[in-house]
2 protein chains.
Amino acid sequence: MRIEELGEFGLIDRLVQRLGRPDESVVVGIGDDAAVVQYEAERQVVMTTDMLVEGVHFRRDTIDDRSLGYKSLAVSISDIAAMGGRPKHAVLSLALPIDLEVERLEELYSGVQEICSQYGTAVVGGDVVKTPGPFVISVTAVGEVETGRALLRSGARPGDLVYLTGTVGGSAAGLDLIESGNSRSLAPEAVADLLRFHQRPAPQVEAGRILVATGGCTSANDVSDGVASELHEIAKMSGVRLVIEADAIPLHASVRHYAAASGKDPLQWALFGGEDYRLIGTLDPSRLAEVEASFAKAGLPLVVIGRAEAGQGVVLLRDGARHELRPRGFNHFGS
Amino acid sequence: MRIEELGEFGLIDRLVQRLGRPDESVVVGIGDDAAVVQYEAERQVVMTTDMLVEGVHFRRDTIDDRSLGYKSLAVSISDIAAMGGRPKHAVLSLALPIDLEVERLEELYSGVQEICSQYGTAVVGGDVVKTPGPFVISVTAVGEVETGRALLRSGARPGDLVYLTGTVGGSAAGLDLIESGNSRSLAPEAVADLLRFHQRPAPQVEAGRILVATGGCTSANDVSDGVASELHEIAKMSGVRLVIEADAIPLHASVRHYAAASGKDPLQWALFGGEDYRLIGTLDPSRLAEVEASFAKAGLPLVVIGRAEAGQGVVLLRDGARHELRPRGFNHFGS
């Protein structure tokens, strides 16, 4: 069905049907001039926004519509996670090419609802407009964090340990697999892993909440632009040098297998690929045991991959040598 | 200067310089994964989002870049006003054609800052991405309102009075003037009025705050799509019929002059033009004197233009006859 057949309000009605019933934090949801929501006492409000453009951030041949809806929300939920916050509400705007089929949008909203229900987040508003250009998705996620406890990029100190809350490089490996169109005789489960890493990344909200609850986390970022780029942001904002060991960076077995089969270096995906959405940052070493115990109790991974020292920049230790690591992350408009 | 010469981070640095220093409600502003803000105790959070596409919502030949920045924020601030809220924070995302000049964006941000400083609002985050398509602006505004006091569309009851917080039709008149390219020998001040109505609408935050403080306001909308469309929304959500008098609808003298000079009916602009961003809604008649006194004390206009009765739809009384009024507001994708 074409969008014009429904009109603006008919389309909105149809898409809203894909969304679930919000919890009691939503006082006024979709359907008035603005949404009204209620946060708990002693909380600060966390907000973040991301914009995705077809042909720049996603392509129809590398992601299905439902996964696109899922991932569009994941990107912003991950930013809330990187502050240690609990994502609660989101607004979602779409600029729609006039020939986009309504069924594609319904699938997209099903993916949005899938991740929202997993993370306890409600879509409380949005805007749909037409465009003569490519499909554009804009998401703003809003949540809450205990007053004064948000995880920043700026608190790393020399001596702190560099942590990562899961494997990295999987999203870039998945994209490589999709683009190559060759699964290199991998087991079906490995192919599924790589597709999931790229198309349905898992924001680390629970990990962020543990880091807030235990204390001792001196900095945090989510891995949106690659480990190297995220560490550079922390190093710069904190005024430290971060030194990481190549062998300590956790890589999923399916990523290792695919790298071996395709003759690629998985470390490149981990350092420069991005879109893994794990948390990376630094910890007070005196609190490590407590933090590790909390992650273990929750059944979540936490890996120490390096250390902060006096200085600046990011250093990779590999095969006994120190390499100055450049950000080389995804940089829009970069030359 | 072209955007590629600066790169993503250089561009952001440059644009952020145009923004003012936020107040103490901003705990973490631009520069981390997400912003962290603090609202007052006993407040609920109000949020709204709008997306504007070049060629659909604005054109370079009808609005300058600085006014475009101003108006982009005005649209969302107005939605907060229509809930009776105080706009506090905004995030702003831009999809940029690669050949857009940096100087245009700096002007746009100057306009953003101009309205933000007028309304006590801070831009606390955003995203800039490139697009092969038209320029797209996405704004999310967030604010606060006293718990349980937000102004909704759904509370109008038979007997309530229909109010309007200022003149309408000015934005459509201004657009007509710009598009016609003929100022019809109007006084320069009248031309300036019409340009301002179209390019720099004034969100009615203070009016909304008075309506919340006095009580007695049973419904509210902002006039984004025209008086007829807004009244239809309220009538539908409240389950009442709204009857308004044509002669009671306030029109600015410059709008009347321009209409007379150009042979147009200014009522058409008022009813179906939109983008005036006044508040419209209903009041408990027993509270009218108190509300009028509060508006008068603040030096703000409040005009009664009709009444709610049992039934449905919207009726216009003109020249002694009742006319069923259709919404005919701006409807994206409408056929």
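Residues numbered from 1 in each chain as written. Chains lettered and ligands numbered in written order. Predicted model: local features only at pLDDT ≥ 70, side-chain atom pairs only at ≥ 80, totals over all residues. Heavy atoms only, no water.

Focus: the relation of the copies chain A and chain B
Move 1: The two copies are related by a screw operation: chain A maps onto chain B through 180° of rotation and 0.0 Å of translation along the axis, at an RMSD of 0.0 Å. Taken together, the rotation and translation describe the operation of a two-fold axis. Scanning chain A for the C-alpha nearest the rotation axis identifies A:Gly133, at a separation of 2.2 Å.
Move 2: The overlap is high: 100% of the interface residues of chain A also sit at the interface in chain B, so the same surface is used on both sides. (Least-squares fit on C-alpha atoms with pLDDT ≥ 70 in both. Contact = heavy atoms within 4.5 Å.)

Side note on the UniProt feature "binding site: Mg(2+) 2" (unreviewed entry) in chain A
Move 1: Within this numbering scheme, the UniProt entry marks A:Asp50 and A:Asp79 as carrying the feature "binding site: Mg(2+) 2" (unreviewed entry). For this annotated set, covering 30 residues, all C-alpha atoms fall within 9.5 Å of each other, a compact arrangement in space.
Move 2: Structurally, A:Asp50 can be placed in strand S3 (residues 43-53).
Move 3: Discounting chain neighbours no more than four positions away, the residues touching A:Asp50 are A:Val75, A:Ser76, A:Asp79, A:Ile137, A:Ser138, A:Val139 and B:Asp127.
Move 4: A distance of 3.0 Å separates a polar atom in the side chain of A:Asp50 from a polar atom in the side chain of A:Ser76.
Move 5: Following the sequence through the fold, A:Asp79 ends up in helix H2 (residues 65-82). (UniProt positions renumbered as here; feature names shortened; annotations may be inferred. Helix = DSSP H or I, 4+ residues; strand = E, 2+ residues; numbered from the N terminus. Polar contact = N/O pair within 3.5 Å; in protein donor to acceptor, adjacent residues only side chain to side chain.)

As for the sheet that holds strand S9 (residues 241-245) of chain B
One key point about sheets: their strands pair by backbone hydrogen bonds, in either a parallel or an antiparallel sense.
Residues and elements named next belong to chain B.
Move 1: On the basis of which strands lie adjacent, the open sheet formed by 7 strands has the order S8-S10-S7-S11-S9-S12-S13 and mixed pairing. Edge positions in the sheet fall to strand S8 (217-222) and strand S13 (321-325), since each has one partner strand and no second. Across the sheet, the axes of successive neighbouring strands diverge by a mean angle of 25°, strand direction being ignored.
Move 2: Note: strand S7 (residues 161-164) against strand S11 (residues 303-309), 4 bridges, orientation antiparallel. Each bridged residue has a counterpart across the sheet, and for Leu 161 the counterpart in S11 is Arg 307.
Move 3: This element, helix H6 (residues 205-214), spans S7, S8 and strand S10 (279-283) of the sheet and lies at about 15° to S10. (Pairing = 2+ DSSP bridges. Axes fitted to C-alpha atoms, helices over the stretch in contact; angles between N-to-C directions.)

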